[in-house]
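Structural features, examined
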Amino acid sequence: MSSSTLTSAAPRATARTTTAAGIAIVLLAQLMLVLDSAVMNVGLPHIATDLHFGAASLSWVLNGYALAFGGLLLLGGRLGDVLGRLSVFWAGLAVFTLFSLLGGLATEPWMLVTARVLQGVGAAIAAPSVLALITTSAPNEAARNRALALFTAVSSGGAALGMLLGGVLTDLLSWRWTLFINVPIGIAVLLTVRRHVVDTPRRPGRFDVVGAVTSTGAAATLVWTLIKAPEHGWLSAHTIVGLALAVALAVALVVTEARHSHPLLRLGLLRSRTRVATLLTMAALYGGMLATFFLMVQYFEEDLGYGPLQTGFAFLPIPLSVFTMSRITPRLVARFRQPPIIVAGTIGVLGAFLYLLQIDASTSYWTGVFPALLAMGVSMGGSFMPITSLALQGVEPEHAGSASGLLQTMQQLGGAVGLAVIASVYASHARPGDFLVGAHAGFAAAAVIAALALASAASLLARPRTVLPATA
């Protein structure tokens, strides 16, 4: 080989290494953001004891993060498109890391809830840029699919992994370490990411203030209403007014975005029926998965008598199978395309919920729970990557942040809707001292949500695979 060939090969090798290192760094940050949605679940009883939380206010340790995260994702995506994705990612992660530290040091309930809300703000600013940086920095389609598979493995498996990590940290150290652990990881990412990831250029144009207010207001109002619906009742004035306000803000958003020259949400993203179907499928699947965690934590601790550490390990089949599928799914997509794989995944999730309906007082973990969690992990791991790929297909690079924000907003709203619906169904059928009566109703509701996901996914088989570019 000539010296000129060696010389030209060196930069290419360096570029590949830099791209791989950059993707690994932003994926580590994404894992941290997703873990925080679930990592504190197992430690809630300890938090209530240490900080003297009331029963009603304790839920805001989780809901405060979810409300800010879900409500601000569209804004975070647009900020990345306009101000540069790496810069916005860096700022959001810095906010997240700072308030992880302050949350871990909290001595009063209001301090912890405030820190969790501001963690959610940082996560919402950073998260859309993670996906946008991954999709725009991959050198080719195969590399893009591999990176998307890893991203979806982190995003879908991270929540289950958070249950395990939360159990380990709470049992061995303290619930405070579920927050403290973010600090060294966040600092490491902040110090290294600029060396390996190139920022996108700033884009001129007026910032859509009205769109930012209405989109944030609509998403936050919807999440707030759904979180509180089981407490107030689905037909209460509180719930009806909240849903009506969310719809009114959403209508105002659509009207505004149709007229704005630089909209926060490009309505062209919703002109593709394929993209809309994938967004709905993602929302339903993610909602069902979060609802499973809600029900299974109680089953493990109340019926099987598990402690925090054992409960965390009981969820291990999900992240292990999700991460395993992340290595296989790109090859499946290359051979079969996305729609058949998405349909197969939704069938698997529906089957897992139906299997959980047979749990009774004599059921053991290995015969009654493990097969369902394994099937759910394999199905989620196989379907989330093609859903993400199809939802972002045809999106121009300069709008990747907006599309990523929309996808993750649907994911978070789906989680809020699924959790609220299934928690309400569970509560309405619950009997004191008999968890399984309410749980069976909850799993039946989860199966209905999975069936809706399957219907949406099946529609992809009858539609053209082409996706219209988001040019408007």
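Residues numbered from 1 in each chain as written. Predicted model: local features only at pLDDT ≥ 70, side-chain atom pairs only at ≥ 80, totals over all residues. Heavy atoms only, no water.

Regarding its fold elements, the chain presents 18 helices and zero strands. Total accessible area computed for the chain in this model is approximately 18700 Å², and 69% of it derives from carbon and sulfur atoms. (Helix = DSSP H or I, 4+ residues; strand = E, 2+ residues; numbered from the N terminus. Areas by Shrake-Rupley, 256 points an atom, 1.4 Å probe, with all protein chains shown as cover.)

Here we come to helix H2 (residues 44–51). Think of an α-helix as turning once every 3.6 residues; residues three or four places apart then point the same way. When H2 is considered as a whole, its buried residues turn out to be Leu-44, Ile-47 and Leu-51. End-on view of H2: buried residues confined to an arc of 55 degrees, all on one side of the axis. Immediately beyond the C-terminal end of H2, within one or two residues, lies His-52, with a positive phi of roughly 60 degrees. (Buried < 20%, exposed > 50% of the residue type's maximum accessible area, 1.4 Å probe, protein only. Arc of directions from axis to C-beta.)

Now for unusual backbone geometry. In this structure, Arg-337 is a non-glycine residue whose phi angle is positive, near 70 degrees. You can see Arg-337 is positioned in the loop between helix H14 (317–336) and helix H15 (338–356).

Bringing the packing of aromatic side chains into the picture now. To describe a pair of aromatic rings, one takes the distance between the centres and the angle between the planes. Tallying each qualifying case throughout the model produces nine aromatic pairs. A ring pair is formed by Tyr-365 and Trp-366, whose centres lie 5.1 Å apart and whose planes are at 80 degrees; its orientation type is edge-to-face. In textbook terms, an aromatic cluster arises when at least three aromatic residues are bridged by ring pairs, as seen for Tyr-299, Phe-300, Tyr-306, Phe-315, Tyr-365, Trp-366 and Phe-370. (Phe/Tyr/Trp six-rings, centres within 6.5 Å; stacked < 30°, edge-to-face > 60°.)

Time to look at the nonpolar core. One recurring pattern in soluble globular proteins is that nonpolar side chains are buried together. Ranked by size, the top nonpolar core spans 102 residues in total, and within it Phe-89 and Phe-300 carry the most contacts. The biggest single contributor to this core is helix H12 (residues 273–303), with 14 residues. The contacts of Phe-300, once residues within four sequence positions are left out, are Gly-305, Tyr-306, Thr-311, Ala-314, Phe-315, Tyr-365, Val-369 and Leu-373. Counting 13 residues, the second largest nonpolar core, distinct from the first, contains Met-40, Ile-47, Leu-51 and Ala-106. (Core = buried A, V, L, I, M, F, W, Y, C linked by side-chain atoms within 4.5 Å. Contact = heavy atoms within 4.5 Å.)

Glancing now at the packing of H12 against helix H18 (residues 435–458). Between two packed helices, what matters for the description is the angle formed by their axes and the separation of those axes. It is the contact of H12 with H18, at a shortest axis distance of 9 Å, that shows an interaxial angle of 165 degrees. When the interaxial angle is binned, H12 and H18 end up roughly antiparallel. For the crossing formed where H12 meets H18, the hand is left-handed. Contacts between H12 and H18 pair Ala-277, Leu-280, Thr-281, Ala-284, Leu-285, Leu-295, Met-296, Gln-298, Tyr-299, Glu-302 and Asp-303 from the former with Phe-435, Leu-436, Ala-439, Gly-442, Phe-443, Ile-449, Ala-453, Ser-456 and Ala-457 from the latter. (Axes fitted to C-alpha atoms, helices over the stretch in contact; angles between N-to-C directions. Parallel < 35°, antiparallel > 145°, perpendicular 65-115°, else oblique. Left-handed = near helix turned anticlockwise from the far one by under 90°.)

Together, Leu-98, Leu-101, Leu-102 and Leu-105 line one region of the surface with nonpolar side chains, adding up to about 330 Å² of accessible area. With respect to the helices, strands and loops of the structure, Leu-101 is situated in helix H5 (residues 85–104). Exposure remark for Leu-101: the relative accessible area of 33% places this residue in the partly exposed category. (Patch = residues over 30% accessible without salt bridge, like charges linked within 9 Å, V, L, I, M, F, W, Y side chains within 5 Å. Salt bridge = Lys/Arg side-chain N within 4 Å of Asp/Glu carboxyl O.)

With that settled, consider the confidence of the model for the chain. On average, residues of the chain score 80 in pLDDT, and 89% of them reach the 70 mark or higher. Model confidence for the chain, summarised as mean pLDDT per element, is weakest for helix H1 (residues 3–35) at 60 and strongest for H15 at 92. Taken together, the stretch residues 1–18 has pLDDT below 50 and engages in two contacts with residues farther than four places along the chain or on a different chain. Here residues 465–472 is a poorly scored stretch, pLDDT under 50, and it has 27 contacts once near neighbours within four places are set aside; other chains count. (pLDDT = per-residue confidence, 0-100.)

Our focus in this paragraph is H14. The largest bend in H14 amounts to roughly 40 degrees and is located at Arg-327, with the proline Pro-330 lying one to four residues further along. All of the buried residues in H14 are Pro-317, Ile-318, Pro-319, Ser-321, Val-322, Met-325, Ser-326, Thr-329, Pro-330 and Val-333. Of the residues trailing H14, Arg-337 is marked for its positive phi of about 70 degrees. (Bend = angle between axes of the 7 residues up to and from the residue.)

Topologically, Gln-30 is positioned in helix H1. C-alpha of Gln-30 to C-alpha of Phe-151: the two residues are 121 residues apart in sequence and 7.8 Å apart in space. In contact with Gln-30, other than residues within four places in its own chain, are Ala-127, Val-130, Phe-151, Val-154, Ser-155 and Gln-408.

Bringing the packing of H14 against helix H16 (residues 365–392) into the picture now. Running from amino to carboxyl end, H14 crosses H16 at an angle of 35 degrees, the nearest separation of the two axes being 7 Å. Note on packing geometry: the crossing formed by H14 with H16 is right-handed. Where H14 approaches H16, its residues Pro-317, Ile-318, Ser-321, Val-322, Met-325, Thr-329 and Val-333 are matched on the opposing element by Tyr-365, Phe-370, Leu-373, Leu-374, Met-376, Gly-377, Val-378, Met-380, Gly-381, Gly-382, Met-385 and Pro-386. Here the residues of the contact of H14 with H16 sort into 14 nonpolar, five polar and no charged. (Nonpolar A, V, L, I, M, F, W, Y, C, P; charged D, E, K, R; others polar.)

This part covers the environment of Pro-317. With respect to the element layout, Pro-317 can be found in helix H14. In this structure Pro-317 comes out as buried when scored by relative accessible area, which is 8%. In the structure, Pro-317 is positioned 59 residues away from Met-376 in sequence and 8.8 Å away in space, judged by C-alpha atoms. The residues touching Pro-317, leaving out its near neighbours within four places in the chain, are Tyr-365, Phe-370, Leu-373 and Leu-374.

Quick look at the environment of Gln-119 now. Structurally, the position occupied by Gln-119 is in helix H6 (residues 109–137). Taking the C-alpha atoms as reference points, Gln-119 and Gly-64, separated by 55 residues in sequence, lie 9.0 Å from one another. Those residues in contact with Gln-119 that lie beyond four places of it in its chain are Asp-36, Tyr-65, Phe-96, Phe-99, Ser-100, Leu-179 and Asn-182. Separated by 3.2 Å, the side chains of Gln-119 and Arg-116 make a polar contact. (Polar contact = N/O pair within 3.5 Å; in protein donor to acceptor, adjacent residues only side chain to side chain.)

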